[in-house]
Amino acid sequence: MRLDPVTMEIVGNRLSAMTEEMCLTLQRTSRSLYVKETADFCCAFAGLDGGFVAYPRGIGVSGFVGLNVLTAVQAAGPLQPGDVIITNDPYRSGGLATHLTDIQLIEPYFHEGELVGYGWAFIHCSDIGGRVPSSLSPVNDEIFQEGLQIPPVKLVRAGEPSRDVEALISANSRTPEANLGDIRAMRAALRTGRERLAGVVAQHGLATVLDAQRDLVEYTAGKARAALAALGDGTHRFVDYLDDDAVSSLPVRLSVTATLRAGDLHLDFTGTDPQVAAAFNIATLGRPHAWITTRVLALICTLDPGIALNAGLIAPITVTTPEGSLVNPVHPAAVGVRHASANRVNDAVGGALGLAAPHVLPAASSGLVVPVVVAEQRAAGQNVQVLEPMVGGTGARDGADGVDGRDSGISNLSNNPVETVETEIGVEILRYGLRTDSGGAGRWRGGCGLELTFRVRGEGSKLLARGLERMCFRPWGVGGGGPGAATELIVNPGTPRERRHVKIDMLPLEPGDVVTLLTSGAGGYGDPYTRDPEAVLRDVERGVVSREAAARAYGVLLAEADGGLAVDGPATADARREHRPDRGAHDGGAERRAWESVFDTPTVDRLVAALFRLPRPARTPRRTALYTAVLAGLPAGFPRTAPTPEQRDAARRTLVQEITELERMSA
């Protein structure tokens, strides 16, 4: 280190406080509901290498600490004081932007003509044009459908705003006033950062601030390696699935092999399916990108709660992401719903590292983030708002239940106040609360999912709910723990007009329609028949577990007592003695067992390897044709409906025959 530890700590804390003040400035001056209430934004300070030196701990989106601004800075050309760069292009910004609705601003900070670093701010805007209101839909098959692409360009030159750039952005959005308001809030946040940084330089000197940038990141990198080293060396693999790609019923596989060596971690995504003709691709550009390393960063911060948030967190991580795969797509692949895949990457990485440290890593969390969007017609144009960023619960772990109704796996967004939602858009919230019996059973119970029910009041409304997942393949439990409940989306439940939906593009709604979204619960940890019966009773009294589920899933029988309920000790002992669940190390539910009874891991490894030997445009059509041939011999509801042994064996023979032919073609 170049600085003494005390000076480094003082400067580091001042820079961190600076980023939090930037975030507060942005939130308090922003225009849109999704920024000022949901808090889908962040600010940070980047060093000369583009990596973040200081990042807020208590406000804003926490998962982007591993991003880097340098590609965008270099693309925008020579910079001078007063310049501000704008971009939302995932490919041209080097992965800084992760989909088009995330608008990024970067300002170079100078001291007496010398570059000190870069201020960064981003917001998720309500709409950036494209095919649908809010711009994002799972069925978009190329990025051109997702809205206006803004390469890294100068929004402000030497302090003078470019009205042409502002006009171009406004003309390509359904919510121009909100967008411009949020952009101006970001500029205010960057100005706050510039002013506070000048104060740090004035007090400590430019050389100290530049040295602190390097020392802070190197110190964090050392602590991150020490945390990972505690897991021990080894190689571990885990596979998980997206329910489907929205344009077909075929699941999408994510495979992660995690190799730990002396505190370094390599994540190999070989075996992950090719990029899809839908919006689930993650534009990592082959780097250890934020969306594929978030679970590791969370693990490091759990193992070392005092570690600083900066680019040093990703220093121990390297990746292999095959080009043309879901986690390293080639332009112009759509990326708008990349968070759905990032959730599944989180689960797969957590599953692999859980094999290394089963007493540290939790079971699968809910595995979804669903911004529920309502777009409605108004006299002045369209009103597009996110009602709630719906999540589920947190996975249980050894020694603790999961958190009900909250999952910060890839997102720490706030929920929106009901009163604000009903003021901003024409809906009536009927229920917003925890979903009973959704958490996976276990010695430690998985966190419950959520229920959101609302009635539509306005004419010409449309529902968009990007990120719907875990509707088939449920969040897995660990060590005998059960899976969480599956996600459900129902319009007009309990009426003759009831309709159940899976992934949706843009669903028209009529005045009076009632929409219910039930998010998935998280996986349980450990044998549920060893859970403390009194803990089960408390769950029943709280309404998160039903009396019926207490008996069925936990073997706990309750009896009426003094106007309430009490554990029936003898009946519970008998029930637990007579029946015990039989689960493996990971239990993803009957659907996953049925799927893998046909599409087992080694055989599908052969399939994916053969697909990657084909030219990229041929991979998806060939994959679809192969799966269609195999599924033709299975029940219509597969994998929700299990095949007979005869159907399973016949399907496996067809699968092997199809792969053998594919290998011959691609040799």
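All of the points below concern the structure found in this document. As the structure is a prediction and not an experimental result, all values here were calculated from the model. Along each chain, numbering runs from 1 in the same order as the chain's sequence is written. Only residues with pLDDT of at least 70 are given local features in this predicted model, and only at 80 or more are side-chain atom pairs given and counted; all residues enter the totals for whole chains, interfaces and linings. Excluding hydrogens and water, the side-chain figures rest on all heavy atoms present in the structure.

Our focus in this paragraph is the packing of aromatic side chains. Any two rings among Phe, Tyr and Trp, with Trp reduced to its six-membered ring, count as a pair given centres within 6.5 Å; such a pair is stacked if its planes are under 30 degrees apart, edge-to-face if over 60, and tilted if neither. Under the definition given, this model contains 14 aromatic pairs. Each ring, one from W120 and one from F122, has its centre 5.7 Å from the other, and the planes form 25°; the classification is stacked. Of the two residues examined, W120 and F122, each falls in the buried class. An angle of 40° between the planes, with centres 5.0 Å apart, marks the rings of F599 and Y627 as tilted. One end of the pair, F599, is in the loop between α13 (590–598) and α14 (601–611); the other, Y627, is in helix α15 (residues 616–631), with 28 residues separating them in the sequence. Accessibility assignment for this pair places F599 and Y627 in one class, buried. For every residue, the accessible area obtained with a 1.4 Å probe (protein chains only) is divided by the maximum for its type, and the residue is called buried under 20%, exposed over 50%, and partly exposed between those limits. Put simply, DSSP H or I for four residues or longer makes a helix, DSSP E for two residues or longer makes a strand, and each gets a number counted from the N terminus.

Inspection of the secondary structure assignment puts R443 in the loop between β14 (427–434) and β15 (450–456). A relative accessible area of 40% places R443 in the partly exposed class. Measuring from C-alpha to C-alpha, the distance between R443 and T270 comes to 34 Å, with 173 residues separating the pair along the chain. The contact criterion used is simple: two residues touch if any of their non-hydrogen atoms lie within 4.5 Å. Not counting chain neighbours up to four residues away, the residues in contact with R443 comprise D401, Y525, G526, D527, P528, T530 and R531.

Paired strands, as defined in this entry, are two strands with at least two bridges between them according to DSSP. Taken together, the four bridges between strand β22 (residues 558–561) and strand β23 (residues 564–567) define a ladder with antiparallel strand orientation. Bridging from a neighbouring strand, A559 pairs with A566 of β23. Count of turn residues in the β22/β23 antiparallel hairpin: two residues, of which D562 carries a positive phi of about 50°.

Bringing the packing of helix α1 (residues 5–29) against helix α6 (residues 206–229) into the picture now. Between α1 and α6, the shortest axis-to-axis distance is 9 Å and the interhelical angle comes to 95°. In terms of orientation, α1 lies roughly perpendicular with respect to α6. Here α1 contributes T7, M8, V11, G12 and L15 to the contact with α6, which in turn contributes T208, A212, D215, L216 and Y219. Among the residues making up the contact of α1 with α6, the classes are represented as six nonpolar, three polar and one charged. Lines fitted to the C-alpha atoms define the axes, with helices restricted to the stretch that makes contact. Angles between their N-to-C directions range from 0 to 180 degrees. Under this scheme an angle from 65 to 115 degrees is roughly perpendicular, one under 35 degrees roughly parallel, and one over 145 degrees roughly antiparallel; angles in between are oblique. Residues are grouped as follows: Ala, Val, Leu, Ile, Met, Phe, Trp, Tyr, Cys and Pro are nonpolar; Asp, Glu, Lys and Arg are charged; all remaining types, including Gly, are polar.

Take the packing of α1 against helix α5 (residues 176–204) next. In a packed pair of helices, the relevant descriptors are the angle between the two axes and the axis-to-axis distance. At a minimum axis separation of 8 Å, α1 and α5 run at an interaxial angle of 155°. It follows from the interaxial angle that α1 and α5 lie roughly antiparallel. Crossing of α1 over α5 shows right-handed handedness. Residues belonging to the contact of α1 with α5 are distributed by class as follows: 13 nonpolar, eight polar and three charged. Left-handed is the label given to a crossing in which the near helix is rotated counterclockwise from the far helix by less than a right angle, and right-handed is the label when the rotation is clockwise.

With that out of the way, let us pick up α1. In this analysis, the expected span of each helix is defined as 1.5 Å times one less than the number of residues it contains. Counted at 1.5 Å a residue, the expected span for α1 with its 25 residues is 36 Å, and the 36 Å between its end C-alpha atoms agrees. Every buried residue belonging to α1 is among M8, V11, G12, L15, M18, T19, M22, C23, T25, L26 and Q27, and all of these are buried. Whenever two N or O atoms come within 3.5 Å, that pair is a polar contact, provided that in protein one can donate a hydrogen and the other can accept it, and provided that, for residues adjacent in sequence, both atoms are side-chain atoms. Two or three places before V6, at the opening of α1, D4 has a side-chain oxygen 3.2 Å from that residue's backbone nitrogen.

Any two side chains of opposite charge can pair, given that their charged atoms come close. One side-chain nitrogen of Lys or Arg within 4 Å of one carboxyl oxygen of Asp or Glu is enough to make a salt bridge. In the structure shown here, the tally under the stated rule is 50 salt bridges. The closest approach of N and O atoms between R445 and D539, which form a salt bridge, is 3.0 Å. Taken together, the residues span a long stretch of sequence, with R445 in the loop between β14 and β15 and D539 in helix α10 (residues 533–542) at a distance of 94 residues. Among the charged side chains, a network of salt bridges with common partners joins D240, D244, R344, D347, E469, R470, K503, R592 and E596.

Next up on the list: the pairing of strand β10 (residues 264–268). Here β10 shows a buried face lined by L265 and L267 and an unburied face lined by D264, H266 and D268. Pairing of strand β9 (residues 252–261) with β10, which is carried by five bridges, proceeds in the antiparallel orientation. Bridge pairing links T259 to H266 in β10. Adjacent in sequence and paired antiparallel, β9 and β10 are bridged by two residues, among which A262 carries a positive phi angle near 50°. Here β10 pairs with strand β11 (residues 317–320) via four bridges, running parallel. The residue of β11 that forms the bridge with L267 is V319. Seen with the strands pointing away from the viewer, any crossover whose path from the first strand over the helix to the second strand runs clockwise is right-handed. Viewed along the sheet, the connection from β10 through helix α7 (residues 290–303) into β11 turns out right-handed.

Chemically, a disulfide is nothing more than a covalent bond linking the sulfur atoms of two cysteines. Two cysteine sulfur atoms form a disulfide, by the criterion used here, when they sit within 2.5 Å. Evaluation of the coordinates by the stated rule reveals zero disulfides. With no disulfide of its own, C42 lies closest to C23 among cysteine sulfurs, the gap being 4.3 Å. For C42, a relative accessible area of 0% puts it in the buried group.

Spatially, the five strands line up as an open sheet ordered β14-β15-β21-β18-β19, and their pairing is antiparallel. Among the strands making up the open sheet, the edge pair consists of β14 and β19 (499–501). Taken pair by pair, the neighbouring strands of this sheet meet at an average axis angle of 15°, ignoring direction.

Let us now look at the environment of H236. With respect to the helices and strands, H236 occurs in strand β8 (residues 234–242). Assessed through its relative accessible area of 18%, H236 is described here as buried. For the pair formed by H236 and L267, sequence separation is 31 residues and the distance between their alpha carbons is 9.8 Å. The contact partners of H236, leaving out residues within four places of it in the chain, are V256, T257, A258, A352, L355 and A356.

What follows concerns the sheet that holds strand β12 (residues 370–378). Two orientations exist for strands paired in a sheet by backbone hydrogen bonds: parallel and antiparallel. In spatial order, the strands read β13-β12-β16-β20; together these four strands make up an open sheet with antiparallel pairing. Edge positions in the sheet fall to β13 (381–390) and β20 (507–509), since each has one partner strand and no second. In this sheet, adjacent strand axes meet at a mean angle of 25° when their direction is disregarded. Direction of pairing for β12 relative to strand β16 (residues 461–465): antiparallel, over a ladder of four bridges. Each residue of the ladder has a partner; that of V373, found in β16, is L464.

Let us look at the side chain of D539. Residue D539 is classed as buried on the basis of its relative accessible area of 5%. In this structure the side chain of D539 is engaged in a polar contact, spanning 3.0 Å, whose partner is the side chain of R445. Other than its neighbours up to four places away in sequence, D539 contacts R445, R531, V544 and V545.

All right, on to the nonpolar core then. The term nonpolar core refers to a set of buried residues drawn from Ala, Val, Leu, Ile, Met, Phe, Trp, Tyr and Cys, joined through side-chain atoms within 4.5 Å. Core analysis: the largest hydrophobic core is formed by 158 residues, its most contacted members being L26, W120, L267 and F454. Of all hydrophobic cores here, the second largest spans 25 residues; its members include V604, Y627, L631 and A651.

An α-helical turn contains 3.6 residues, so a residue and the one three or four places further along point in the same direction. Taken together, the buried positions of helix α11 (residues 547–554) are A549, A550 and Y554. In a view along the axis of α11, the buried residues occupy a sector of 105°, so they form one face of it. Opposite the packed face of α11, turned more than 90 degrees from it, sit the exposed residues E548 and R552. Elements in contact with the buried residues of α11: α10 and α12 (569–578). Taking the helix axis as origin, the arc is that swept by the directions to the C-beta atoms.

Keep in mind that these numbers describe shape and distance, not what the molecule does.
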